[in-house]
Amino acid sequence: MQRRKFKLVILGDEKVGKTSFIQRLMQSNLTEQKEKLPPVYLPNEMFQNDCVTIIFDTEYVPGQIPDEVNDADIIILMYDITNSNTADRLKGFWLKKLDDMEIKKPIIVVGNKIDKVEELEELDIEPQRIFRVIKPLVKDYNRVEMGIECSALTKRGLNDVINCAQRSYLYPLAPIYSFGRRQITDQFKKALTRIFRICDKDGDNLWNDQELIRFQKKVFRRQLDGQDISGIKGMISEELKLDQIDNHYFRRIQICWTILRHFHYNDDLHIDEQEFSNEILIDKDSGQTIELSESALQFIDRLYRHREKEILSRADIDQILYPAVFEHHLPIDNLHGPLNRDGWIALWNAYVFKNYKEAYKLLKYIGYDGKLHHCFKETSRKDNWNSLSKFPDRKTFGISIVIQQKDKYARLFQDKYQLVVPFKNKTFVFDLMGVREAETQSELIGTVDLFIVEEGLMFQYEKIIPFIPFRQGLDITQIIALASNSISATPFGYNEGQIIILKQQNGISAVQIMSFVILGLSAVFGTKFILNRIKSK
């Protein structure tokens, strides 16, 4: 593991032993220290964990939280076992104040002066032992990860405190387990669901022996022993007992984080953004688009088949998308027709067509394990006739319906401006737009494959894009048929004049050829298309 540097800040009331703790940790004799110590670097050889640890002493100022907490990676909140007031103020002041400040760092509660316990008991005074103090704190404050006792005077437990702090930094508990609720967190459940799907190679919703062995070797480079496996199973089944801080406790937490980091999770249980930083380079000016690969389609189809029903409900979709932890835009509400297998695949086709990077992110979160270039394929160009001969490669088409009164016509679109339509193994993504919006969209030949234009409208565009007229009064079924017939008749619905131009452009990379003015003049449809100007590059 790469060496990590972290800052450890010690908080607490006056005279609980913060400065003495640091002095004795550094092998110093106790001295009367009136001012806080400067930051102290702990020698790496002092501890087993591969961390560079810096300890920050703090000065107690009544009613205030030291500024050092803003830069802390771990907070040690110290109290005096012999002083009940300092124990009461853990919750009454310190944790409440840190919560109000929205400090999200892990907190370790440390009871100092454990050497005084016997002396207090002889005086019939009950010491504020950590096992009593910690229970209400972990219940009410999820960032409190553990409690431990020490003695700065005798040096008992000092190294244990630092070891706990380092391990809490390397393997934080709060993201995966809630002491207060005594169960694993929802974020951890989401991550486990994704990991399970990735490793369930046969897709039967169970891990067989071979899949478990393959998982162990993949993550740990070896097979785990029975105790380690039971620890993982205990975490997953929410039966893990985490009351006692010992090596087995840390072992279980470390195993969980080893698994999570192997599958690229960060400390917030989000997949590392580096996994989504790549791009697929396509020539958008030539009309290239990105579509799902066969492996991605097989994964999406497997998720559908796992539900074992013909029509998916919204609850089914929520369960499939459960591992996702970001706001996605899978166009579920824009689907025209039932959410059967064709509808399910059409949703993903449309998502990729509009935003392939976000679609890839969602696929990764719900269990797709392929790289970006495995997930997608590039479609053929549309700027010359040779490329269009590969027309059958295309599965998704962007179709813009250009209309004068967009809001009025939206009723046909179920009061939406976009509709996703599965049709004969293809996906049509209809966008309802006005003239000005259409002129802007037409600049990207990869965004619009076909214009369906209301009679009587006039607008210009500078690409070779197929167009067909329509009259008001057609319902959505008729419009779908109109688009399908046009696209099926010739590649993408190009008319004869456009095909002639495309044949002349073989070998030219970017085409900015023509501008059409669409006028409502036709006797049949009330529409006539007049070539306004041609310009070639």
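As the structure is a computational prediction, the values presented were derived from the model and not from experiment.

Points about the overall build of the protein
Now for step 1: A tally of helices and strands in the protein yields 18 helices and 17 strands.
Now for step 2: Split by element, the accessible area of the protein, about 26,100 Å² in all, is 46% carbon and sulfur.

Thoughts on the pairing of strand β4 (residues 74-80)
Now for step 1: Taking burial as the measure, the seven residues of β4 include seven buried ones, the bulk of the element.
Now for step 2: Neither face of β4 is open: one carries I74, I76, M78 and D80, the other I75, L77 and Y79, and all of them are buried.
Now for step 3: As paired strands, strand β1 (residues 4-12) and β4 are joined by five bridges and run parallel to one another. Bridge assignment links L8 to a residue of β4, and that residue is I74.
Now for step 4: What joins β4 to strand β5 (residues 107-112) is helix α2 (residues 84-100), and the crossover it makes is right-handed.

Structural notes on the pattern of salt bridges
Now for step 1: Applying the stated criterion across every chain yields a total of 21 salt bridges.
Now for step 2: R394 serves as the salt-bridge partner of D449, at 2.7 Å between the closest nitrogen and oxygen. Residue D449 is found in the loop between α16 (435-441) and β14 (450-454), and its partner R394 is found in the loop between α14 (385-388) and β11 (396-402); the two are separated by 55 residues along the sequence.
Now for step 3: Each member of the salt-bridge network shares a partner with another, and the members are E291, R394 and D449.

A short note on the packing of aromatic side chains
Now for step 1: This structure, assessed with the given rule, holds 14 aromatic pairs.
Now for step 2: Judged by centre distance (6.1 Å) and plane angle (70°), the ring pair of F397 and F428 falls under edge-to-face. Of this pair, F397 sits in strand β11 while F428 sits in strand β13 (residues 426-433), and the two are 31 residues apart along the sequence. Each member of the pair, F397 as well as F428, is classed as buried.
Now for step 3: Joined through ring pairs, the aromatic side chains of F276, F326, Y356, Y360, Y365 and F376 make up one cluster.
Now for step 4: Taking the ring centre of Y322 as reference, the NZ or CZ of K190 above it sits at 4.3 Å.
Now for step 5: One residue, K361, lies across the ring of F326, its end atom 4.7 Å from the ring centre.

Here we look at the sheet that holds β1
Now for step 1: An order of β2-β3-β1-β4-β5-β6 is seen for the six strands of this open sheet, with the pairing classed as mixed. Only two strands of the sheet have a single neighbouring strand rather than two, namely β2 (40-41) and β6 (144-149).
Now for step 2: Packed on one face of the sheet, helix α4 (residues 130-140) meets β4, β5 and β6 and runs near 170° to β6.
Now for step 3: Seen against the sheet, helix α5 (residues 158-170) touches β1, β3 (51-56), β4, β5 and β6 and runs at an angle of roughly 125° to β1.

Points about helix α6 (residues 186-199)
Now for step 1: Along its 14 residues, α6 runs 20 Å from first to last C-alpha, staying within 8% of the 20 Å computed at 1.5 Å per residue.
Now for step 2: Residues F188, K190, A191, L192, R194, I195, R197, I198 and C199 constitute the buried set of α6.

A word on the environment of N349
Now for step 1: As for its position among the elements, N349 is in helix α12 (residues 341-365).
Now for step 2: By relative accessible area, N349 is classed as buried at 10%.
Now for step 3: Beyond its immediate chain neighbours, meaning those up to four positions away, N349 contacts L292, L297, T396 and T427.

Observations regarding the side chain of K361
Now for step 1: Position of K361 relative to the elements: it lies in helix α12.
Now for step 2: If sequence neighbours within four positions are ignored, K361 has contacts with E273, F276 and F326.

Remarks on helix α1 (residues 18-25)
Now for step 1: Counting buried positions along α1 gives seven out of eight residues, so the element sits mostly inside the fold.
Now for step 2: Looking at the buried side of α1, the elements it contacts are β1, β2, β3, β4 and α5.

Topic: the pairing of β14
Now for step 1: With respect to burial, β14 is a largely interior element, five of its five residues being buried.
Now for step 2: The alternating pattern of β14 places L450, I452 and E454 and F451 and V453 on opposite faces, both of which are buried.
Now for step 3: The sheet contact formed by β11 and β14 spans four bridges and is parallel. Paired with I401 across the bridge in β14 is I452.
Now for step 4: As defined by bridge partners, β14 adjoins strand β15 (residues 467-470) across four bridges and the pair is classed as parallel. The residue of β15 that forms the bridge with F451 is F467.

Some details on the nonpolar core
Now for step 1: Core analysis: the biggest nonpolar cluster contains 122 residues, and F21, I176, W344, W348 and F376 have the highest contact counts within it.
Now for step 2: It is α12 that contributes the most residues to this core, 15 residues altogether.
Now for step 3: Dropping the residues within four chain positions of it, W348 is found in contact with L292, I300, L321, L330, A359, L362, L363 and I366.
Now for step 4: Formed by 26 residues, the second largest nonpolar core is a distinct cluster that contains I399, A483, I501 and L502.

Criteria and cut-off values
Residues numbered from 1 in each chain as written. Predicted model: local features only at pLDDT ≥ 70, side-chain atom pairs only at ≥ 80, totals over all residues. Heavy atoms only, no water. Helix = DSSP H or I, 4+ residues; strand = E, 2+ residues; numbered from the N terminus. Areas by Shrake-Rupley, 256 points an atom, 1.4 Å probe, with all protein chains shown as cover. Buried < 20%, exposed > 50% of the residue type's maximum accessible area, 1.4 Å probe, protein only. Pairing = 2+ DSSP bridges. Right-handed = clockwise from strand over helix to strand, strands pointing away. Salt bridge = Lys/Arg side-chain N within 4 Å of Asp/Glu carboxyl O. Phe/Tyr/Trp six-rings, centres within 6.5 Å; stacked < 30°, edge-to-face > 60°. Lys NZ or Arg CZ within 6 Å of the ring centre and 35° of its normal. Contact = heavy atoms within 4.5 Å. Axes fitted to C-alpha atoms, helices over the stretch in contact; angles between N-to-C directions. Expected span 1.5 Å × (residues − 1). Core = buried A, V, L, I, M, F, W, Y, C linked by side-chain atoms within 4.5 Å.

Honestly, it's all geometry; don't read function into it.
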